[in-house]
Amino acid sequence: MRIVIAEDDALLREGLALLLRAEDLDVVATAGTPGEFLAAVDEHRPDVAIVDVRMPPTHTDEGIVAAVEARRRRPGLAVLVLSAYVEQAFATELFSVGASGLGYLLKERVGRVEEFLAALHRVAGGGSVIDPEVVGQLLARNRRPDTALAELSPREHEVLALMAEGLGNGAIAERLFVTDGAVHKHIRSIFAKLGLPPDDRADRRVTAVLRYLDGRR
């Protein structure tokens, strides 16, 4: 797994590199600006990019913009975005063009090394991850009774939140102490209520979460 890290905080940037190299992962380049990051992507053709949301010069959304551009330049590039805060607009912007191989985590998650590495491997494998705290806060902010989302049952809300964390059906079943079959039934119901057909080419699991976050029909 070839990794590029884009983070303007030198201490965190080097700390991440040391952590990943200690796990025998190949950090091929680190960058402190969006321009350096995109140049590294072009030169090293990494499998995964770890990108800070807020980067120079304005420290607003440069990281997200750079991540989207990197995916345009290198289709299939897995991207794990790190943010210090829950930022709904950035999360939904990141996932708006597809969810495969994308992750959005709070920086505090890096300190939980096993969870962070699990998320990184999941994203590198083409999966998707949204930090559970991000999910919890955004879902609480965005429930709207006049949308299709209001049709979801309390249990379906729980299942949807766990789906957003990137958990598979078996892991969701363990977390909720129900059977795999029950989880499958809930997910089918969620997709039906949100109008996501079986032949939808997008990742329906994350599409459902983004619908939830945005309150879109």
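The name an unreviewed UniProt entry gives the chain is DNA-binding NarL/FixJ family response regulator, with Micromonospora echinospora as the organism.

A. Fine view of helix H1 (residues 10-22). Taking 1.5 Å per residue as the helical rise, H1 with its 13 residues ought to reach 18 Å, and the 18 Å between its terminal C-alpha atoms agrees with that figure. Inspection of H1 places Arg 13, Leu 16, Ala 17, Leu 19 and Leu 20 among the buried residues, and these make up the whole buried set. Summarising the axial view, the buried residues of H1 lie within an arc of 165°, below the 170-degree limit, and thus occupy one face. Exposed side of H1, more than 90 degrees from the buried face: Leu 11, Leu 18 and Ala 22 are the residues found there. The secondary structure elements touched by the buried residues of H1 are strand E1 (2-6), strand E2 (26-31), strand E3 (48-52), strand E4 (78-83) and helix H5 (113-124). One or two residues past the end of H1 sits Asp 24, with phi positive at roughly 65°.

B. Summary view of the pattern of salt bridges. Counted under the stated rule, the structure contains 10 salt bridges. Across the pair Arg 13 and Glu 14 runs a salt bridge, and its minimum N-O distance is 3.7 Å. Residue class for Arg 13 comes out buried when judged on its relative accessible area of 14%. Here Arg 73 and Asp 42 are joined by a salt bridge, their closest N and O atoms 2.6 Å apart. Of this pair, Arg 73 sits in helix H3 (residues 62-73) while Asp 42 sits in helix H2 (residues 34-44), and the two are 31 residues apart along the sequence. Of the residues examined, Arg 73 reaches a relative accessible area of 37% and is grouped as partly exposed. Judged by its relative accessible area of 42%, Asp 42 is partly exposed. One salt-bridge network, held together by shared partners, links Asp 42, Glu 69, Arg 72 and Arg 73.

C. The side chain of Glu 156, seen in detail. Residue position: Glu 156 is located in helix H7 (residues 154-164). In this structure Glu 156 comes out as buried when scored by relative accessible area, which is 5%. Among the polar contacts listed, one links the side chain of Glu 156 to the backbone nitrogen of Ser 153, at a separation of 2.8 Å. When near neighbours in sequence (up to four residues on either side) are disregarded, Glu 156 contacts Glu 151, His 186, Ser 189, Ile 190 and Lys 193.

D. Structural detail: the sheet that holds strand E5 (residues 102-106). Taken together, the six strands give an open sheet; going across it, the order is E2-E1-E3-E4-E5-E6, and neighbouring strands pair in parallel fashion. The outermost strands of the open sheet, each flanked by one partner alone, are E2 and strand E6 (128-130). Neighbouring strand axes in the sheet, compared pairwise and without regard to direction, differ in orientation by 20° on average. The pairing of E1 with E3 spans four bridges and is classified as parallel. Paired with Ile 3 across the strands is Val 48, a residue of E3. Here H1 sits on the sheet in contact with E1, E2, E3 and E4, set at roughly 175° to E2. Each of E1, E3, E4, E5 and E6 touches H5; the most contacted strand, E4, lies at about 145° to it.

The rules behind the values
- Residues numbered from 1 in each chain as written.
- Predicted model: local features only at pLDDT ≥ 70, side-chain atom pairs only at ≥ 80, totals over all residues.
- Heavy atoms only, no water.
- Helix = DSSP H or I, 4+ residues; strand = E, 2+ residues; numbered from the N terminus.
- Expected span 1.5 Å × (residues − 1).
- Buried < 20%, exposed > 50% of the residue type's maximum accessible area, 1.4 Å probe, protein only.
- Arc of directions from axis to C-beta.
- Contact = heavy atoms within 4.5 Å.
- Salt bridge = Lys/Arg side-chain N within 4 Å of Asp/Glu carboxyl O.
- Polar contact = N/O pair within 3.5 Å; in protein donor to acceptor, adjacent residues only side chain to side chain.
- Pairing = 2+ DSSP bridges.
- Axes fitted to C-alpha atoms, helices over the stretch in contact; angles between N-to-C directions.

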